[in-house]
Amino acid sequence: MFTTLLAIPLAGADLPEHRITNIFEPLATPAESEKNIALLVFAITGVIFVGVAGLLAYTIWRFRQPTHAERTEEPPQVYGSNQIEVAWTVLPVLIVFVLIGVSARVIAAVENASPPQAALKVTVIGHQWWWEVLYPDYGIVTANEIHMPATNDHKNATYLQLQSADVIHSFWLPQLSGKTDLIPNRTNFMWIDPHEPGVYVGNCAEYCGTQHANMLLRVVGEDPKSFKEWTIQQQKRAVDDPQTSEGHAVFESLACVNCHNIAGLGKASAGSKFGPDLTHLMSRQTLGSGVYKNTPENLRAWVNDPQVQKPGCLMPSMKLTPDELSKVVDYLETLR
Ligand code: CUA
């Protein structure tokens, strides 16, 4: 058990695409404006802190209890000064209104923007403990990895609709934008425009159950040409390789099809969306929502008993014989 827990972060860390997720190194317009406003608030409140703490320290020192020798007559007693009262009432009110104004402007720009007609629209649905990703205009269904064009023009941003299938989750890619909750029976919106091609890593940022910490998320920013190629590939139906028809048959005969859809597999799995869509499983970089690198060994271990790799996850061990396991894994390996 202990070794399993240790293995989880290491398995993710050895992925070559892994980026340091640092909110102070934003690579998208929303994250940049959020960083700027955070620094502005920090600067203003920093000046106030230094002023108040400085006066407090000076007062503590200046009016410390006098020694017997220092003791003189009672100091002058001063009551009320209208000028000072007005100054220390009006100034903080002005500062608060400045902070409200700039915050409201950034929040509106990030959350209330309506997508241009041609914008790429993606629906992200949080599940315990993975992300369903839909491209309604392309008919694409995938999981845990969101592909989108990288762009330096926020007019070409990708617009996200955020929903939940069960409990509250939170969508967070530190270099792209702040956190937005995915709430049952509600749709939240955000947009992101990754400035550089590459993989951006993030995770669920709202405690949502046992495997909350392993509900990892990736955005793959691509140049427009490779994004186009990716959409064409994802729109295809599943490969049906006659060489793996036995594995295909085992998969179809088991409860796998109640949760996982494979486009083109047939009626058995059609519409199953309790678990990730497997039509192009091999095109994804990771297994278990970003936790394990997608290798044949990890896939085999996962199908054998997901409870070892991700204890508490909602996929049970199907108790396959070694022979059945090999056939199913060989079949899944063809789903490019
Ligand atoms: Cu989903 Cu935490």
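None of these values were measured; they are calculated from a predicted model.

Details of the overall build of the protein
Inference 1: The helix and strand inventory of the protein stands at nine helices and 12 strands.
Inference 2: A compact globule built from 336 residues would reach a C-alpha radius of gyration of about 20 Å, whereas the protein, at 27 Å, exceeds it by more than 25%.
Inference 3: In terms of principal-axis extent, the alpha carbons of the protein reach across some 100 × 50 × 35 Å.
Inference 4: Restricting to contacts in the protein with at least 6 residues of sequence separation, those with at least 24 account for 64%.
Inference 5: With an accessible surface of roughly 18,800 Å², the protein has 62% of that area assigned to carbon and sulfur atoms.
Inference 6: Positive and negative side-chain charges of the protein, numbering 24 and 33 respectively, have mean locations separated by a distance of 2 Å.

Some details on the side chain of threonine 295
Inference 1: With respect to the secondary-structure elements, threonine 295 resides in the loop between strand 12 (292–293) and helix 7 (296–304).
Inference 2: At 3.1 Å, the side chain of threonine 295 forms a polar contact with the backbone nitrogen of asparagine 298.
Inference 3: Here threonine 295 is in contact with Leu287 and Glu333, once residues within four sequence places are set aside.

What about the packing of helix 2 (residues 29–62) against helix 3 (residues 82–111)?
Inference 1: The geometry of helix 2 relative to helix 3 is characterised by a closest axis approach of 10 Å and an angle of 170 degrees between their N-to-C directions. Considering their axes alone, helix 2 and helix 3 lie roughly antiparallel with respect to each other. Of the residues in helix 3, those touching helix 2 at Pro30, Ser33, Glu34, Ile37, Leu40, Val41, Ile44 and Ile48 are Ile95, Leu99, Val102, Ser103, Val106 and Val110.
Inference 2: In the contact of helix 2 with helix 3, the residues fall into 11 nonpolar, two polar and one charged.

A short note on the packing of aromatic side chains
Inference 1: Inspection of every chain in the model, using the stated rule, returns seven aromatic pairs.
Inference 2: A ring pair is formed by tryptophan 131 and phenylalanine 171, whose centres lie 5.9 Å apart and whose planes are at 90 degrees; its orientation type is edge-to-face. With tryptophan 131 in strand 2 (residues 130–135) and phenylalanine 171 in strand 6 (residues 169–172), the pair connects residues that are 40 residues apart, well separated along the chain. Accessibility assignment for this pair places tryptophan 131 and phenylalanine 171 in one class, buried.
Inference 3: An aromatic cluster of at least three residues, connected via ring pairs, comprises Tyr135, Tyr138, Phe227 and Trp230.
Inference 4: The ring of tryptophan 172 has lysine 179 sitting right over it, with the charged end atom 4.5 Å from the ring centre.

Focus on the sheet that holds strand 2
Inference 1: The five strands lie next to each other as 3-2-1-5-8, forming an open sheet whose pairing is mixed. Each edge of the open sheet carries a strand with a single partner, namely strand 3 (140–143) and strand 8 (188–192). Averaged over neighbouring strand pairs, the angle between their axes works out to 25 degrees when direction is ignored.
Inference 2: One ladder, built from seven bridges, connects strand 1 (residues 120–127) with strand 5 (residues 158–164); its direction is parallel. Across the sheet, residue isoleucine 125 finds its bridge partner in strand 5, namely glutamine 163.
Inference 3: On the sheet, helix 4 (residues 224–235) packs against strand 1, strand 2 and strand 3 and is oriented at approximately 100 degrees with respect to strand 3.

What to know about the sheet that holds strand 7 (residues 180–182)
Inference 1: Taken in spatial order, the five strands of this open sheet run 4-10-9-6-7, and their pairing is mixed. Unpaired on one side and paired on the other, strand 4 (145–149) and strand 7 mark the two borders of the sheet. When the angles between neighbouring strand axes are averaged without regard to direction, this sheet yields 30 degrees.

Digging into the packing of helix 5 (residues 245–253) against helix 9 (residues 322–333)
Inference 1: Where helix 5 contacts helix 9, the axes come no closer than 7 Å and their chain directions differ by 105 degrees. In terms of orientation, helix 5 and helix 9 fall into the roughly perpendicular class. In this structure, helix 5 uses Glu246, Gly247, His248, Val250 and Phe251 to contact helix 9, whose residues at the interface are Glu324, Lys327, Val328, Tyr331 and Leu332.
Inference 2: A class-by-class count of the residues in the contact of helix 5 with helix 9 yields five nonpolar, two polar and three charged.

Regarding the pattern of salt bridges
Inference 1: As enumerated under the stated definition, the model contains six salt bridges in all.
Inference 2: With a closest N to O distance of 4.0 Å, aspartate 137 and lysine 121 form a salt bridge. In this pair, aspartate 137 is assigned in the loop between strand 2 and strand 3 and lysine 121 in strand 1, connecting sequence segments 16 residues apart.
Inference 3: On the accessibility criterion, aspartate 137 (55% relative accessible area) is exposed.
Inference 4: For lysine 121, a relative accessible area of 28% gives the class partly exposed.

Overview of the domain arrangement of the protein
Often, the extent of an interface is quoted as the loss of accessible area on bringing the components together.
Inference 1: Assigned domains within the protein: domain 1 (29–111), domain 2 (120–235) and domain 3 (242–332).
Inference 2: A separation of 59 Å is found between the C-alpha centroids of domain 1 and domain 3.

Calculation rules
- Residues numbered from 1 in each chain as written.
- Predicted model: local features only at pLDDT ≥ 70, side-chain atom pairs only at ≥ 80, totals over all residues.
- Heavy atoms only, no water.
- Helix = DSSP H or I, 4+ residues; strand = E, 2+ residues; numbered from the N terminus.
- Rg over C-alpha atoms; globule rule 2.2 N^0.38 Å.
- Contact = heavy atoms within 4.5 Å.
- Areas by Shrake-Rupley, 256 points an atom, 1.4 Å probe, with all protein chains shown as cover.
- Lys, Arg positive; Asp, Glu negative; His and termini not counted.
- Charge placed at Lys NZ, Arg CZ, Asp CG, Glu CD.
- Polar contact = N/O pair within 3.5 Å; in protein donor to acceptor, adjacent residues only side chain to side chain.
- Axes fitted to C-alpha atoms, helices over the stretch in contact; angles between N-to-C directions.
- Parallel < 35°, antiparallel > 145°, perpendicular 65-115°, else oblique.
- Nonpolar A, V, L, I, M, F, W, Y, C, P; charged D, E, K, R; others polar.
- Phe/Tyr/Trp six-rings, centres within 6.5 Å; stacked < 30°, edge-to-face > 60°.
- Buried < 20%, exposed > 50% of the residue type's maximum accessible area, 1.4 Å probe, protein only.
- Lys NZ or Arg CZ within 6 Å of the ring centre and 35° of its normal.
- Pairing = 2+ DSSP bridges.
- Salt bridge = Lys/Arg side-chain N within 4 Å of Asp/Glu carboxyl O.
- Domains from an automatic or database assignment.

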